[in-house]
Amino acid sequence: DNGTWIATGVPTLEELRTTGGGHHSTTPVVLEFSESLAGDTLDGAFVLRPINGFTPAPATVHLVGDGRLVVLLPSLALTAGETYSVELDEDAAITDLTGQLFTSSAALGQFTVADTDPTEISLVASWPPAGSIDQSAIGEITAIFDRAVLATTITDTSFDVTVGGTPPTFDPAPGAVEVLAGFFPGQDTRIWRWISLDDNNERVDLGASAAVQLSLSPIGSEIADLDGGTLPAVAIDFTTSALSAPT
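Rules and cut-offs
Residues numbered from 1 in each chain as written. Predicted model: local features only at pLDDT ≥ 70, side-chain atom pairs only at ≥ 80, totals over all residues. Heavy atoms only, no water. Helix = DSSP H or I, 4+ residues; strand = E, 2+ residues; numbered from the N terminus. Rg over C-alpha atoms; globule rule 2.2 N^0.38 Å. Buried < 20%, exposed > 50% of the residue type's maximum accessible area, 1.4 Å probe, protein only. Contact = heavy atoms within 4.5 Å. Pairing = 2+ DSSP bridges. Axes fitted to C-alpha atoms, helices over the stretch in contact; angles between N-to-C directions. Salt bridge = Lys/Arg side-chain N within 4 Å of Asp/Glu carboxyl O. 1 Å grid on protein atoms, 1.4 Å probe; cavity = no way out; pocket = protein on both sides within 12 Å on 5 of 7 lines; lining within 4 Å. Points joined across faces, edges and corners; volume = space filled by probe spheres on them. Nonpolar A, V, L, I, M, F, W, Y, C, P; charged D, E, K, R; others polar. Polar contact = N/O pair within 3.5 Å; in protein donor to acceptor, adjacent residues only side chain to side chain. Phe/Tyr/Trp six-rings, centres within 6.5 Å; stacked < 30°, edge-to-face > 60°.

Now, about the overall build of the protein chain: what can you tell me, with residues and values included?
Of the regular secondary structure elements, the protein chain holds 0 helices and 15 strands. In summary, the protein chain has a C-alpha radius of gyration of 18 Å against a globular reference of 18 Å for 247 residues, a match within 12%. With respect to the three principal axes, the spread of C-alpha positions in the protein chain is 50 × 45 × 35 Å. Looking at the protein chain as a whole, 47% of its 247 residues are labelled buried. For the protein chain, long-range pairs separated by at least 24 residues make up 71% of all intrachain contacts whose partners lie at least 6 apart in sequence.

The following block contains the structure:
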């Protein structure tokens, strides 16, 4: 009843979502796995290594998307024009929720930072992915942006979830991922999460074979950053599984 994904085989890396060139210097690095991972096995497991340097970029690791998206959040701006290799640390021992070990070659992929930060905000990744089917009806909906966005621009119209074209009965405001700022709790507004929860804080079933849409930054309700950059309007559609969530 918590939206987790458990498979019979070992976990695999399905996609590195942050690839290619032209990325913002604060872009999250997003890795999608085949099932939910054990969060306590992720600390220190990944390295962001500059191709033309020796010192890895400092980053914090976060597990979202019901445990299937690992997000590396650079703690400092990445070097303009630099290519970074996303690598598995030699001492990594990542497992799924049943203890099965993720194994891979050290190099997982690469991406390149733009010479100058793009003005427009980009959506790095969403969960569930656009166009996907057989998704959990009680799952988390996640949007990951390439930079911090203004929390005041995340509203019920700029981050709008509908099921079959109408808002769900339990439609809470999305929340930014929680982080530690030194010794104090804070938020990182590069990652936003939404879960339909009832009055008892239990996940609500959105329905079998339901057509779900996340509409982001429509005209008139743009998601913006501190410098005035905005996210072009985008809609992410997916379909829940034909099987109802277990009770």
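Let's pick the thread back up.
So, the sheet that holds strand E8 (residues 107-113): which residues are in play, and what are the values?
With mixed pairing, the 4 strands of this open sheet are ordered in space as E2-E8-E7-E4. Two strands lie at the open edges of the sheet, namely strand E2 (20-23) and strand E4 (46-50), each paired on one side alone. Taking the axes of each pair of neighbouring strands and ignoring which way they run, one obtains an average angle of 30 degrees across the sheet.

Describe the pairing of strand E6 (residues 69-74), and please don't skip the residues or the numbers.
Taken across its 6 residues, E6 has 6 buried, putting it largely inside the fold. Across the two faces of E6 the burial is the same, with Leu69, Val71 and Leu73 and Val70, Leu72 and Pro74 all buried. Direction of pairing for strand E5 (residues 59-64) relative to E6: antiparallel, over a ladder of 6 bridges. Note on E6: the bridge partner recorded for threonine 60 is leucine 73. Count of turn residues in the E5/E6 antiparallel hairpin: 4 residues, of which glycine 65 carries a positive phi of about 60 degrees.

Before we move on, can you summarise the pattern of salt bridges with the specific residues and values?
The full count for this structure, using the stated rule, is 10 salt bridges. Between arginine 49 and glutamate 87 there is a salt bridge; the shortest N-O distance is 2.9 Å. Taken as a pair, arginine 49 in strand E4 and glutamate 87 in strand E7 (residues 83-88) lie far apart in primary sequence, 38 residues in all. One salt bridge in this structure joins arginine 147 and aspartate 225, with 3.1 Å as the shortest N-O distance. Taken together, the positions of arginine 147 in the loop between strand E10 (141-145) and strand E11 (159-163) and aspartate 225 in the loop between strand E14 (211-216) and strand E15 (234-239) put the pair 78 residues apart, joining distant regions of the chain.

Explain empty space enclosed by the protein to me, and be specific about the residues and the numbers.
Applying the stated criterion across every chain, the model contains 1 cavity of 30 Å³ or more. Here the largest cavity defines a volume of roughly 50 Å³. Of the residues belonging to the lining of the largest cavity, the class tally is 6 nonpolar, 3 polar and 2 charged.

Summarise the sheet that holds E15; cite the residues concerned and give the values.
If you trace the 3 strands from one edge of the open sheet to the other, you get E11-E14-E15, paired in antiparallel fashion. Of all the strands in the sheet, just E11 and E15 have a single pairing partner and so form its edges. Sheet twist, expressed as the average angle between the axes of neighbouring strands with direction ignored, equals 15 degrees.

Which residues make up the layout of surface pockets, and what values do they have?
In this model, the second largest pocket occupies a volume close to 170 Å³. If you trace the second largest pocket, you find 13 residues lining it, with His24, Thr26, Arg147, Ala148 and Asp225 closest to the centre. Class assignment for the residues of the lining of the second largest pocket results in 3 nonpolar, 4 polar and 6 charged.

Describe the side chain of aspartate 96, with residues and values.
Within the fold, aspartate 96 resides in the loop between E7 and E8. There is a polar contact of 2.9 Å between the side chain of aspartate 96 and the backbone nitrogen of threonine 98. For aspartate 96, the side chain forms a polar contact with the main-chain nitrogen of glutamine 100, separated by 2.8 Å.

Hey, could you go over the packing of aromatic side chains for me, with residue numbers and the actual values?
Applying the stated criterion across every chain yields a total of 3 aromatic pairs. Pairing tryptophan 5 with tryptophan 127 gives two aromatic rings, centres 6.4 Å apart and planes at 80 degrees, and the pair type is edge-to-face. Here tryptophan 127 lies in strand E9 (residues 123-127) and tryptophan 5 lies in the segment before strand E1 (13-16), a separation of 122 residues in the sequence. Assessed through its relative accessible area of 2%, tryptophan 127 is described here as buried.

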